[in-house]
Amino acid sequence: MQDSPPSCPLVVGVDVGGTKTHLRALAGGDVVADHVRSSSGWRPHDPAAAAHWLAGLVQEALPAGTRPGALAVGAHACETPRQCAPIRAAVQELLGVPAHIVGDAELLVPAAGLDKGVGLVAGTGSVAVGPLPDGTPVQVGGWGAVLGDEGGAAGLVREAARAVWAAHDRGEEPDALAAGLLAAFAVPEVPALGAALEGASDVSAEWGRHARVVFTAAADGSALARRVITGAGEALAGLVVRLAGRGVAVDDVVVAGGTVLGQPALYEAFTAALDAAVPGARPRPLTVPPVEGAVALARSLL
């Protein structure tokens, strides 16, 4: 981090994720700040609070005496242009600089150096977004662990529990998946899983942190776990199919998220399902931090 104010316009990109936030600021080609912190306190449904949170983050991360020339933010749970617009207006008023606010999945395509395509995230949750020919973004998925987020960590655990309950109702003995879930949620038998899952105070986080159980059980031979993973891959491909059906070009699908990229079995299930459903689509694992997309969007404002 440099100590004196930069001479080039300072572009600031922010990736506000569900768990952590990454800010990167550049002056020309020089990195002025690269700052990671918790996303605690992020309130996207309260535009004034969200704008003050972002302004505080910028002040916290940038060297003293510097201010941004442009700011772009990809924000978790900022799901529509209508929701993002008042946050943008409030941030611009607070900081006095051009700003652009989008959903976090919209960072993936510019981060990959592409002008168009689909951004698909499968981390704790799952969501996909892409633009219509007129540039209007369309988002599908991202409905939270209780109702959706298939293919994300929390959704995998929910579907694993459903599979284990169904096997229990069929009179089958608990397999490796059932044993893993019982241990993870510290309950003695399958019927007790329901209360354990429903008792979570933060459903997405508390369910999602046990997703590794599903992959471990699959590696240990659980047919139930393998079916859950296959279904998760098909659900992620289904997000792309939904976007294609609404007129989004899906030739390139930029993929990010610790669950899908960190678990080869899920990524392979996704790519196989995508190839079957949309043969022309090209999956592209993102190899740089998504905040690079925010930086690219910020540069476009200068």
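Further up the page is the structure itself.
This section reports on the structure supplied with the text. Here the structure is a predicted model, which means the values were calculated and not measured. (Residues numbered from 1 in each chain as written. Predicted model: local features only at pLDDT ≥ 70, side-chain atom pairs only at ≥ 80, totals over all residues. Heavy atoms only, no water.)

### Observations regarding the packing of aromatic side chains
Phase 1: Counted by the stated rule, this structure contains two aromatic pairs.
Phase 2: Residues Tyr267 and Phe270 carry aromatic rings whose centres are separated by 6.3 Å and whose planes lie at 55° to one another, so their mutual orientation is tilted. In this pair, Tyr267 and Phe270 are both assigned in helix α11 (residues 264–277), three residues apart and thus about one turn of the helix distant. Accessibility classification places Tyr267 together with Phe270 in one group, the buried group. (Phe/Tyr/Trp six-rings, centres within 6.5 Å; stacked < 30°, edge-to-face > 60°. Helix = DSSP H or I, 4+ residues; strand = E, 2+ residues; numbered from the N terminus. Buried < 20%, exposed > 50% of the residue type's maximum accessible area, 1.4 Å probe, protein only.)

### Details of helix α9 (residues 223–245)
Phase 1: Over its 23 residues, α9 extends 32 Å from the first C-alpha to the last, a length consistent with the 33 Å expected when each residue adds 1.5 Å.
Phase 2: If you check which residues of α9 are buried, you get Leu224, Ala225, Val228, Ile229, Ala232, Gly233, Leu236, Ala237, Leu239, Val240 and Leu243.
Phase 3: The N-cap of α9, judged by a side-chain oxygen 3.4 Å from the amide nitrogen of Leu224 a few residues on, is Ser222. (Expected span 1.5 Å × (residues − 1). Polar contact = N/O pair within 3.5 Å; in protein donor to acceptor, adjacent residues only side chain to side chain.)

### Remarks on α11
Phase 1: In this model α11 runs 20 Å from its N-terminal to its C-terminal C-alpha over 14 residues, within 8% of the 20 Å that 1.5 Å per residue would give.
Phase 2: Buried within α11 we find Leu266, Tyr267, Ala269, Phe270, Ala273 and Leu274. Looking down the long axis of α11, one finds its buried residues gathered within 160° of arc, a one-sided arrangement. The exposed set on the far side of α11, more than 90 degrees from its buried face, consists of Pro264, Glu268 and Ala276. (Arc of directions from axis to C-beta.)

### Concerning the sheet that holds strand β5 (residues 99–103)
Phase 1: With mixed pairing, the five strands of this open sheet are ordered in space as β3-β2-β1-β4-β5. On the outer flanks of this sheet lie β3 (30–38) and β5, each paired with one strand and no other. Taken pair by pair, the neighbouring strands of this sheet meet at an average axis angle of 10°, ignoring direction.
Phase 2: Bridging between strand β2 (residues 20–27) and β3 involves eight bridges; their strand directions are antiparallel. Bridge pairing links Ala25 to Ala33 in β3.
Phase 3: Docked against the sheet, helix α1 (residues 47–61) engages β1 (10–16), β2, β3, β4 (70–75) and β5, running at close to 125° with respect to β3.
Phase 4: The strands touched by helix α2 (residues 81–95) within the sheet are β4 and β5, with β5 carrying the most contacts at an inclination of about 150°. (Pairing = 2+ DSSP bridges. Axes fitted to C-alpha atoms, helices over the stretch in contact; angles between N-to-C directions. Contact = heavy atoms within 4.5 Å.)

### Observations concerning the pairing of β2
Phase 1: Taking burial as the measure, the eight residues of β2 include seven buried ones, the bulk of the element.
Phase 2: As paired elements, β1 and β2 share seven bridges and run antiparallel to each other. Across the sheet, residue Val14 finds its bridge partner in β2, namely Leu23.
Phase 3: Turn length for the β1-β2 hairpin, with the two strands adjacent in sequence and antiparallel, is three residues.

### What to know about unusual backbone geometry
For residues other than glycine, phi is negative in most cases, and the peptide bonds are mostly trans.
Phase 1: Backbone geometry places Ala77, a non-glycine residue, at a positive phi of 65°.
Phase 2: Structurally, Ala77 can be placed in the loop between β4 and α2.
Phase 3: Within the chain, Ala186 stands out as a residue other than glycine whose phi angle is a positive 55°.
Phase 4: Tracing the backbone through its elements, the reader meets Ala186 in the loop between α5 (176–184) and α6 (193–198).

### Some points on the pairing of strand β8 (residues 137–141)
Phase 1: Here strand β7 (residues 126–131) pairs with β8 via five bridges, running antiparallel. From the neighbouring strand, Gly130 faces β8, where its bridge partner is Val138.
Phase 2: The antiparallel hairpin formed by β7 and β8 contains five residues in its connecting segment, where Gly135 sits at a positive phi of about 95°.

### Digging into the pattern of salt bridges
Phase 1: For the structure on display, the rule yields ten salt bridges.
Phase 2: Of the charged contacts, one joins Arg162 and Glu159 as a salt bridge, the two residues approaching to 3.6 Å between their closest N and O atoms. In this pair, Arg162 and Glu159 are both assigned in helix α4 (residues 153–169), three residues apart and thus about one turn of the helix distant.
Phase 3: Classification of Glu159 as partly exposed rests on a relative accessible area of 31%. (Salt bridge = Lys/Arg side-chain N within 4 Å of Asp/Glu carboxyl O.)

### Some points on the side chain of Gln263
Phase 1: Within the fold, Gln263 resides in the loop between α10 (258–262) and α11.
Phase 2: According to the relative accessible area criterion, Gln263 is buried, its value standing at 16%.
Phase 3: In this structure Gln263 touches Arg212, Phe215 and Gly258, once residues within four positions along its chain are discounted.

### Here we look at the nonpolar core
Phase 1: The biggest cluster of nonpolar side chains holds 56 residues, and the ones touching the most others in it are Leu177, Leu181, Val253 and Phe270.
Phase 2: When sequence neighbours within four positions are dropped, the list of residues in contact with Leu177 reads Ala160, Val164, Val213, Val214, Ala217, Ser222, Leu224 and Ala225.
Phase 3: Leu23, Val32, Ala99 and Ile101 belong to the second-largest nonpolar core, a separate cluster that totals 30 residues. (Core = buried A, V, L, I, M, F, W, Y, C linked by side-chain atoms within 4.5 Å.)

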